[in-house]
Amino acid sequence: MEKQEQRKWFLRLSEALTGYGQFQLEGTGNVDDFLATLEEIVKPDITNRLLLEFSKLWENDKDGNTLEAGIRNHLMTDPLLGPVARNLIKLWYLGSWYQLPALWRENFGSHAGDYDHVISPRSYVEGLVWDAIKAHPQGAKQPGFGTWAFPPEVD
Amino acid sequence: MSETKDKIYDVVIVGSGIAGSLIAKYLTQKGKTVLLLEAGTGSYDLSQNWKDYQEYMKTFFMSQEKGVNSAYPVNLDAPSPSLNSLSTPPDDSGYFVQMGPQNFGSNFVRINGGTTQHWLGTCLRMLPDDFRMKSTYGVEVDWPITYDDLENWYGFAEYEIGVSADVDEQDYLGIKFPKGYRYPMRKIPQSYLDQKLTEGLKGKTIEFENKEYPVKVVSTPQGRNSTPDPDYRPVGFEPTEKWKKGEKGFQVEGAVSPWDLGARCEGNSNCIPICPVQAKYNATRSLFGAKRENMEVKFQAVASEVEFDPETNEVKAIWYKRYEDKNSPEYTLEKAVGKVFVLAANAIENAKLMLASEKEKAHPLMGKNLMDHPVLLGWGLLPEPIGAFRGPGSTSGIPSLRNGDFRKNRAAFRIEIGNWGWSWPDSAPYKPLIQSVDEYGRFGKNLRETFKAETQRQFRFGFLIEQDPQVSNSVTISPNYKDRLGNYRPIINYNFSDYTKNGFVAALKTYKEIFKWLNVENYTNYNPSESTYFEYEGIGFSWGGAGHIVGTHKMGLTEKDGVVDSYQRSFDHANLFIAGCGSMPTIGTSNPTLTMAALCLRTAA
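This report concerns the structure included in the present document. (Residues numbered from 1 in each chain as written. Chains lettered and ligands numbered in written order. Predicted model: local features only at pLDDT ≥ 70, side-chain atom pairs only at ≥ 80, totals over all residues. Heavy atoms only, no water.)

What follows is about the overall build of chain A. Across its full length, chain A carries eight helices and two strands. When the helices and strands of chain A are read in sequence order from the N terminus, they spell out α-α-α-α-α-β-α-β-α-α. Computed over the C-alpha atoms, the radius of gyration of chain A is 17 Å, within 12% of the 15 Å expected from 2.2 N^0.38 for a compact globule of 155 residues. When its C-alpha atoms are laid out on the principal axes, chain A stretches across 50 × 40 × 30 Å. (Helix = DSSP H or I, 4+ residues; strand = E, 2+ residues; numbered from the N terminus. Rg over C-alpha atoms; globule rule 2.2 N^0.38 Å.)

Listed below in structure tokens is the structure:
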């Protein structure tokens, strides 16, 4: 897959998997790091297969309401791509790569770098989980004195 | 073997934690020359100290586990205990050699500023009855001093740490203050959760042994910066810094360097393991507050043996192993000579060093009566979102059950209200997020929304249960267990008495009743697979350590019932002070740092 094309589909896939828009995902500054992490750990071949499968689901979603079911029923159940997609969600939310399941490593190979680790200080700080829980990354983006006394944000 | 030449210091101190740093600050300001030995890394140079601190932050960000010591470098030349690898005792895989039957669940960190680097900052005073358990309730022991003896030293300690609290909320269960006393800073605002619990528990009482006790939420005094009290003035003590007549207002101390950071708590929600802006007190503030021309600090200097004069039994010197590189096992043996010596290396390291040095001549109580606060958690979901994971780890507690007639029969406890959701019981948000993705197959908007809904109502209580002193709970040493520099590793025997276990039972009853009262969905679950799991009276419990390591060189009236006197002076060695939480004969239900600080300021005077 051509580089620019790859990045486009990576961003679209990330949006569908995380529930966060491309604008917010770009704002984390982590798009290129995470794509590189994926290519490094599961290799370009599997990365591109994931993106290709997703792009098919996307292209087939003519009415804009079949993508979610497509991901659930095809991508997430795929023995090769499902665990990688789930790892990508954890990467975006928590900023860490988590080791792939034992069965996956047995079937599809174990790779250097496939162990639990934080990608970078920024990947931790920009983890989506902190926004999801309406807090802030512990140890960063401090909201200021006394803010913990405010009512929580409800929408 | 080499001897450093050969300055004789007025005082040689081991340990740069709060005990050592406060004593050093006070003594140097009074004109004494002090050599301070710190086993861990660090620097007495301001700009280097700042760089180190930034490095700790980076280490924290990059740490996968984010545990209590995760911000600090691994150092095998001066190892710190790790809690990540606790398994069922006996277990010698960590720094501690855990002999059981219970694991000792607490740790410390050996680095500049000691364990105040990762403490939460809770600054509770002990209750008057905590000092006289034997005479009041017929259990445990009495201290050789009373609350009254310590009252003004508490004020002094609150000044040195810079404690935030409102005095009119803190005079419960016999705690009293001299007339006109104020805390240096106004109380830290209570979290939204605290406010909701205060409201919900209004008028609530709970019965123990046919007596009703109030269940009242109270703001907790904390060693973190709030708004300085403009009318503050020291009452009842003379601070280290001179106060002019009529002068008023507390001057807040922020980060050790640069000066403009960390004035007030900024809500980083990260007191443990590290406050990014140093709004939370750590002992480097006191260390750098010492009078520099009288002070010398040696880092990477691990005290390994105290040398005694065989005639007088006084201390002649402290031998220490100085390493250049924490990643190498090489060291040189050096000697520190002084007139007076202070061991302030924490309760476990103090005892270990004395046992290594005195051998069979050690005081029979050395290393005995090891105590901690086992923490029983109760967690659940409140009916409404309360904004979990915001602010300092805890801003309030329920202290009203810290004392009562029930203490004749069972341990008391203080309830800490946790602001960080289920971070302690369930490693939230990490573990539940992973579960949502891997087990429940959630993704996209559904993941985002359900996860928010699930976490926003999370809260937990922590019951800090009093442990009574037992000589069988001990720190010992053996030539079979040494670290890389050849220093002893602590061997720990640890268990709970029925008195303490009865406290667990009462804690369980308490949160169940409170949860019911507040309509909390209870998610508490003590898993038999956990290394701290035990059963008592048919009930299963698991618990965690509080980091409150107390009692290994207890003070007494005479050498028969104590290792040190009430000034922490060794009965056996006239020019030796053994300082810190190890001197405390009982632990009560308060986090012990403030009491330790008060004792150490009294020692320094």
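Our focus in this paragraph is the sheet that holds strand S3 (residues 97–101) of chain B. Residue and element names in this part refer to chain B. On the basis of which strands lie adjacent, the open sheet formed by three strands has the order S3-S16-S15 and mixed pairing. The strands lining the two open edges of the sheet, one partner per strand, are S3 and strand S15 (474–476). When strand polarity is set aside, the average angle formed by the axes of neighbouring strands in this sheet is 20°. One ladder, built from four bridges, connects S3 with strand S16 (residues 491–494); its direction is parallel. The partner of Gly100 across the bridge, within S16, is Asn493. (Pairing = 2+ DSSP bridges. Axes fitted to C-alpha atoms, helices over the stretch in contact; angles between N-to-C directions.)

Residues and elements named next belong to chain B. Within the structure shown, the criterion is met by 38 salt bridges over all chains. A salt bridge links Lys211 to Asp405; the shortest N-O distance between them is 3.3 Å. Remark: Asp405 occurs in the loop between strand S12 (396–398) and strand S13 (413–418) and Lys211 occurs in strand S5 (residues 211–214); sequence separation between them is 194 residues. Across the salt bridge formed by Lys509 and Glu513, the nearest N and O atoms sit 3.8 Å from each other. Taken together, the residues span about one helical turn, with Lys509 and Glu513 both in helix H11 (residues 498–517) at a distance of four residues. Overall, Lys509 belongs to the partly exposed group, its relative accessible area being 35%. By relative accessible area, Glu513 is classed as partly exposed at 27%. (Salt bridge = Lys/Arg side-chain N within 4 Å of Asp/Glu carboxyl O. Buried < 20%, exposed > 50% of the residue type's maximum accessible area, 1.4 Å probe, protein only.)

This brings us to helix H7 (residues 347–358) of chain B. Residues lying three or four places apart along an α-helix face the same way, a consequence of the helix completing one turn every 3.6 residues. All names here are of chain B. Between its first and last C-alpha, H7 extends 16 Å over 12 residues, near the 16 Å set by a 1.5 Å rise per residue. The buried count for H7 comes to 12 of 12 residues, which makes it a mostly enclosed element. Taken as a whole, H7 has its buried residues at Ala347, Ile348, Glu349, Asn350, Ala351, Lys352, Leu353, Met354, Leu355, Ala356, Ser357 and Glu358. Looking at the packing, one finds that the buried side of H7 touches strand S8 (301–308), strand S10 (332–343), S15, S16 and strand S20 (576–578). One side-chain oxygen of the residue at the start of H7 lies 2.8 Å from the amide nitrogen of Ile348, identifying that residue as Asn346. Following H7 by one or two positions, Lys359 adopts a phi angle in the positive range, close to 50°. (Expected span 1.5 Å × (residues − 1). Contact = heavy atoms within 4.5 Å. Polar contact = N/O pair within 3.5 Å; in protein donor to acceptor, adjacent residues only side chain to side chain.)

Right, let's get into the interface of chain B and chain A. Taken residue by residue, the interface counts 53 residues in chain B and 52 residues in chain A. Broken down residue by residue, the surface that chain B buries against chain A is led by Gln64(B), Phe443(B) and Arg448(B), which jointly contribute 19%. In this assembly, chain B and chain A are joined by two salt bridges. Among the salt bridges present, the one from Arg448(B) reaches Asp131(A), with a minimum N-O distance of 3.9 Å. The interface formed by chain B and chain A includes 18 residue pairs in polar contact (both at pLDDT 80 or more). (Buried area = accessible area lost by both parts, 1.4 Å probe.)

Residues and elements named next belong to chain B. Evaluated as defined, the whole model comprises zero disulfides over all chains. Not part of a disulfide, Cys265 finds its nearest cysteine sulfur in Cys271, a span of 6.3 Å. A relative accessible area of 9% places Cys265 in the buried class. There is no disulfide at Cys275, and the cysteine sulfur nearest it, in Cys265, is 6.6 Å away. By relative accessible area, which is 9% here, Cys275 ends up buried. (Disulfide = S-S within 2.5 Å.)

Before going further, it helps to spend a moment on the packing of aromatic side chains. Residue and element names in this part refer to chain B. Counted under the stated rule, the structure contains 56 aromatic pairs over all chains. On the basis of an interplanar angle of 85° and a centroid distance of 5.6 Å, the ring pair of Tyr232 and Phe250 is categorised as edge-to-face. Remark: Phe250 occurs in the loop between strand S6 (218–219) and helix H6 (284–288) and Tyr232 occurs in the loop between S6 and H6; sequence separation between them is 18 residues. The two residues Tyr232 and Phe250 agree in class, both being buried. Ring geometry for Tyr511 and Phe515: centres 5.3 Å apart, planes at 50°, overall tilted. A residue pair is termed a helical-turn pair when its members lie 3 or 4 positions apart in one helix, as Tyr511 and Phe515 do in helix H11 at four residues. One aromatic cluster in this structure is built from Tyr95, Phe96, Phe104, Phe108, Trp379, Tyr494, Phe496, Phe504, Tyr526, Phe534, Phe541 and Trp543. Lying over the aromatic face of Tyr181, Arg125 brings its terminal NZ or CZ to 5.4 Å of the ring centre. Cation over ring: Lys509 sits above Phe208, and NZ or CZ is 5.3 Å from the ring centre. (Phe/Tyr/Trp six-rings, centres within 6.5 Å; stacked < 30°, edge-to-face > 60°. Lys NZ or Arg CZ within 6 Å of the ring centre and 35° of its normal.)

Residue and element names in this part refer to chain B. One open sheet holds the six strands; their spatial order is S6-S12-S13-S14-S11-S17, and the pairing between them is antiparallel. The two strands at the open ends of the sheet, each matched to only one other strand, are S6 and strand S17 (521–522). Across the sheet, helix H5 (residues 192–200) lies against S12, S13 and strand S14 (458–465), angled at about 125° from S13, the strand it touches most. Set on the sheet, H11 makes contact with strand S11 (375–381), S12, S13, S14 and S17; between it and S14 the angle comes to about 155°.

Below, the discussion takes up the pairing of S16(B). Sheet topology places S15(B) next to S16(B); three bridges connect them, and they run antiparallel. Bridge pairing in S16(B) links Ser474(B) to Asn493(B).

Interpretation in functional terms is not warranted from these geometric data alone.
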